[in-house]
Amino acid sequence: MTIDVRAVAVFCGSRMGVKPVYQQAAQETGKELAQAGIRLVYGGGANGLMGVVAHAVIQAGGSVTGVIPEFLKTREKMNEDVSELIVTKSMHERKQIMFARADAFWVLPGGFGTFEELLEILTWKQLKRHDKPIVLINVDGWGDKVVAMLNEAVQQGFASTEARSLLTVVPNAAAALECSRIAESAEALGVDVM
Ligand SMILES: Nc1ncnc2c1ncn2[C@@H]1O[C@H](COP(=O)(O)O)[C@@H](O)[C@H]1O
């Protein structure tokens, strides 16, 4: 049985990064979500890869919820083109709303903010605050060092192999979609695929 993932939160850079392949992957991700009828939940900005993903969803006829704190409206260039725009009072409120609205979390290339979002959602899962799929889309090896850092934490005895297995690493958005659905389906069946 496959359960529909209705909304995916995508964490990614508010900058473009240096390789064109990052933008291509962001575009592909947006298109993939729209074609699958899955709503994008994201940080609400028009800048960087965040803006590229949102634009690609909109272009492909999909739905987008942007969640942006008041203080970032200018800095991250609030995206007025989205289907639903939520302006929050704080970063904490933004995180809470994005968490509540998403059935899965996908991570594309990004900077410190993206790392923070990934680690927070992963540690919430480690602490059993949720059981939603978390998928890192490892565009052109971008995530290799992030994954190496997590593996090193296990090797040094600071994290369990079980905790490490809560993050799935895939090469592209099509694979992210597939494993998000498999994970949802397995949860419904009570099967442990992690
Ligand atoms: N400390 C943070 N917590 C949550 N989100 C954050 C934080 N710092 C920045 N962000 C947001 O993350 C995305 C991407 O940031 P990059 O640094 O470009 O990866 C952006 O929406 C930030 O507002």
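Everything here concerns the structure above.
What counts as what
Residues numbered from 1 in each chain as written. Predicted model: local features only at pLDDT ≥ 70, side-chain atom pairs only at ≥ 80, totals over all residues. Heavy atoms only, no water. Pairing = 2+ DSSP bridges. Helix = DSSP H or I, 4+ residues; strand = E, 2+ residues; numbered from the N terminus. Axes fitted to C-alpha atoms, helices over the stretch in contact; angles between N-to-C directions. Contact = heavy atoms within 4.5 Å. Phe/Tyr/Trp six-rings, centres within 6.5 Å; stacked < 30°, edge-to-face > 60°. Buried < 20%, exposed > 50% of the residue type's maximum accessible area, 1.4 Å probe, protein only. Expected span 1.5 Å × (residues − 1). Near = heavy atom within 4 Å. Polar contact = N/O pair within 3.5 Å; in protein donor to acceptor, adjacent residues only side chain to side chain. Areas by Shrake-Rupley, 256 points an atom, 1.4 Å probe, with all protein chains shown as cover.

Asks: Got a sec to walk through the sheet that holds strand β6 (residues 134-137)? Specific residues and values, please.
Replies: The strand order across the open sheet built from seven strands is β4-β3-β2-β1-β5-β6-β7, with neighbouring strands paired in parallel fashion. The open sheet is flanked by β4 (84-88) and β7 (167-170), the only strands paired with a single partner. Recorded for the sheet is a direction-independent mean angle of 25° between the axes of neighbouring strands. With four bridges connecting them, β6 and β7 associate as parallel partners. Paired with Leu 136 across the strands is Val 169, a residue of β7. On the sheet, helix α3 (residues 91-101) packs against β1 (7-11), β2 (39-42), β3 (64-69), β4 and β5 (104-107) and is oriented at approximately 160° with respect to β3.

Asks: Go over the packing of aromatic side chains with me, naming the residues and quoting the values.
Replies: Enumeration over the complete set of coordinates arrives at four aromatic pairs. Their ring planes at 15° and their centres at 5.9 Å tell us that Phe 11 and Phe 105 sit as a pair that is stacked. Remark: Phe 105 occurs in strand β5 and Phe 11 occurs in strand β1; sequence separation between them is 94 residues. Across this residue pair, the class does not change: Phe 11 and Phe 105 are buried. Ring centres 5.2 Å apart and planes at 90° place the aromatic pair Phe 99 and Trp 124 in the edge-to-face group. On the criterion of sequence distance, the pair formed by Phe 99 in helix α3 and Trp 124 in helix α4 (residues 112-126) is long-range, its members being 25 residues apart.

Asks: Tell me about helix α1 (residues 20-35), and name the residues and values.
Replies: For α1, built from 16 residues, the straight-helix expectation of 22 Å at 1.5 Å per residue is met to within 8% by its first-to-last C-alpha distance of 23 Å. Every buried residue belonging to α1 is among Tyr 22, Ala 25, Ala 26, Thr 29, Gly 30, Leu 33 and Ala 34, and all of these are buried. Gly 37 sits one or two positions beyond α1 and adopts a positive phi of about 70°.

Asks: Tell me what's going on with the site of the ligand, and back it up with residues and numbers.
Replies: The environment of the ligand is made up of 16 residues, and the closest members are Ser 14, Glu 76, Gly 111, Thr 114 and Glu 116. Between an oxygen atom of the ligand and a side-chain N or O atom of Glu 76, the distance comes to 2.5 Å. Contacts to the ligand include Gly 111, whose backbone N or O atom sits 2.8 Å from an oxygen atom. Contact with the protein chains hides 79% of the accessible area of the ligand, taken as 480 Å² for the molecule alone. At the level of elements, α3 and α4 are the ones that each hand at least two residues to the shell around the ligand. Among the elements that make up the shell around the ligand, the one with the highest residue count is α4 (five residues).

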